[in-house]
Amino acid sequence: MLRLVRLADPSARSEGGDVVAGDVRVCAPVEAEADLAGGALEQVWAVRVVAEGPLPVDFFDRHLAEGLAFRLGGLAVCRGVVSDPADDEGATGPAVIVPVRPTAEELAPLLEEGEDFVFTAGDIRAALVPQKGQPPAVQELLPFAGELTAIELRGAEPVKLGALALQLAEALNGIAVDRWRFRIDAAEDLVAPEDAATSAEDEA
């Protein structure tokens, strides 16, 4: 659990059986009633994510819960509403957070400039937007940041999106993150565990 939480906040630490990231506590897993997940799962382990101080900026606690659920192949429950983070219908894609807004010339090797400040790479669309807040995953950029900018990527194939995000991050000294602002280190990090297992079986 600590390894996963550190993808969202590298300074996360263990405290007893829990993990603490900023003002958010990720409690140790406990077995729970199946009703908690709306009966969608036969056996349920609950990992409670709790804001201990003022509500985190930019819903960090909720993003942390959903990002963990995605990586653990589970569901997220917020205020009694059950959601599946692996359901990508209408979902946003990954992003690359860079310390300074890049120019069109800097993006040219990987992205083609389009209209209305939108760039493309085949069937992938990219937009440059000011990064709201300061996601803990990109803290290492802050000492050098002039204007944190997110290069938001959209497309239908997660692995292609992840590969492009990692290329852009390397070229622009940025950090590739998923839609919950968890750092990604491989293109496959954007594929839900069940989907990844299915693809592996198909290849075999």
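Residues numbered from 1 in each chain as written. Predicted model: local features only at pLDDT ≥ 70, side-chain atom pairs only at ≥ 80, totals over all residues. Heavy atoms only, no water.

Peer 1: Looking at this model, I keep getting lost on the overall build of the protein. Mind explaining?
Peer 2: Along its length, the protein carries five helices and 14 strands. Across the protein, the fraction of contacts at a sequence separation of at least 24, relative to all contacts at a separation of at least 6, is 59%. (Helix = DSSP H or I, 4+ residues; strand = E, 2+ residues; numbered from the N terminus. Contact = heavy atoms within 4.5 Å.)

Peer 1: Could you clarify how one ought to interpret the sheet that holds strand β3 (residues 24-26) in this entry?
Peer 2: Pairing between the strands of a sheet comes from backbone hydrogen bonds, and it takes one of two forms, parallel or antiparallel. Reading across the sheet, the four strands line up as β1-β2-β3-β6 and stay open at both edges, with antiparallel pairing between neighbours. With one partner strand each, in any of the chains shown, β1 (13-15) and β6 (49-51) form the two edges of the open sheet. Averaged over all pairs of adjacent strands, the angle between their axes in this sheet comes to 30°, without regard to strand direction. Sheet topology places β1 next to strand β2 (residues 18-21); three bridges connect them, and they run antiparallel. Residue pairing in the sheet places glutamate 15 in a bridge with aspartate 18 of β2. On top of the sheet, helix α2 (residues 60-71) reaches β2, β3 and β6; it is set at about 25° to β3, its chief contact. (Pairing = 2+ DSSP bridges. Axes fitted to C-alpha atoms, helices over the stretch in contact; angles between N-to-C directions.)

Peer 1: What is the right way to read the side chain of glutamine 131 from this model?
Peer 2: Tracing the backbone shows glutamine 131 in the loop between β12 (124-130) and β13 (149-154). Look at glutamine 131 and you get buried, because its relative accessible area is 14%. (Buried < 20%, exposed > 50% of the residue type's maximum accessible area, 1.4 Å probe, protein only.)

Peer 1: Sorry if this is basic, but what is going on with the side chain of arginine 181 here?
Peer 2: Mapped onto the elements of the fold, arginine 181 is located in the loop between β14 (175-177) and α5 (193-203). Accessibility expressed as a relative area gives 15% for arginine 181, which makes it buried. Separated by 3.3 Å, the side chains of arginine 181 and glutamine 131 make a polar contact. (Polar contact = N/O pair within 3.5 Å; in protein donor to acceptor, adjacent residues only side chain to side chain.)

Peer 1: When you look at the sheet that holds β13 in this model, what are you seeing that I'm missing?
Peer 2: Overall, antiparallel pairing links the six strands, which are arranged β10-β11-β12-β13-β9-β14 in an open sheet. Among the strands making up the open sheet, the edge pair consists of β10 (112-113) and β14. Pairing geometry for strand β9 (residues 95-98) and β13, over four bridges, is antiparallel. If you follow valine 98 over to β13, its bridge partner there is threonine 149. Relative to β13, helix α4 (residues 158-172) is tilted by about 155°, and along the sheet it contacts β9, β11 (118-121), β12, β13 and β14.

Peer 1: Looking at this structure, I do not really get the environment of proline 99. What am I missing?
Peer 2: Checked against the element boundaries, proline 99 lands in the loop between β9 and α3 (104-107). For proline 99, a relative accessible area of 14% corresponds to the buried category. Taking the C-alpha atoms as reference, proline 99 lies 6.6 Å from phenylalanine 144; in sequence the two are 45 residues apart.

Peer 1: Mind showing me how you'd approach α2 here?
Peer 2: Within an α-helix, residues lying three or four positions from one another point in the same direction, as the helix has 3.6 residues per turn. Compared with the 16 Å implied by 1.5 Å per residue over 12 residues, the 16 Å span of α2 between its first and last C-alpha is a close match. Counting buried residues in α2 gives nine out of 12 residues, a clear majority hidden from the surface. Listing the buried residues of α2 in full gives Phe60, Asp61, Leu64, Glu66, Gly67, Leu68, Ala69, Phe70 and Arg71. Note on α2: the residue one or two positions beyond its end, glycine 73, has a positive phi of about 70°. (Expected span 1.5 Å × (residues − 1).)

Peer 1: Teacher, can you tell me more about the pattern of salt bridges here?
Peer 2: In a structure, side chains of opposite charge can pair up when their charged atoms sit close to one another. Counted according to the given criterion, the structure contains 12 salt bridges. Its salt-bridge partner being aspartate 123, residue lysine 160 comes within 3.2 Å of it at the nearest N-O pair. In this pair, lysine 160 is assigned in helix α4 and aspartate 123 in the loop between β11 and β12, connecting sequence segments 37 residues apart. For aspartate 123, a relative accessible area of 48% puts it in the partly exposed group. The salt bridge involving lysine 160 is made with glutamate 157; its shortest N-O contact spans 3.8 Å. Residue lysine 160 is classed as partly exposed on the basis of its relative accessible area, which comes to 38%. Accessibility expressed as a relative area gives 41% for glutamate 157, which makes it partly exposed. (Salt bridge = Lys/Arg side-chain N within 4 Å of Asp/Glu carboxyl O.)

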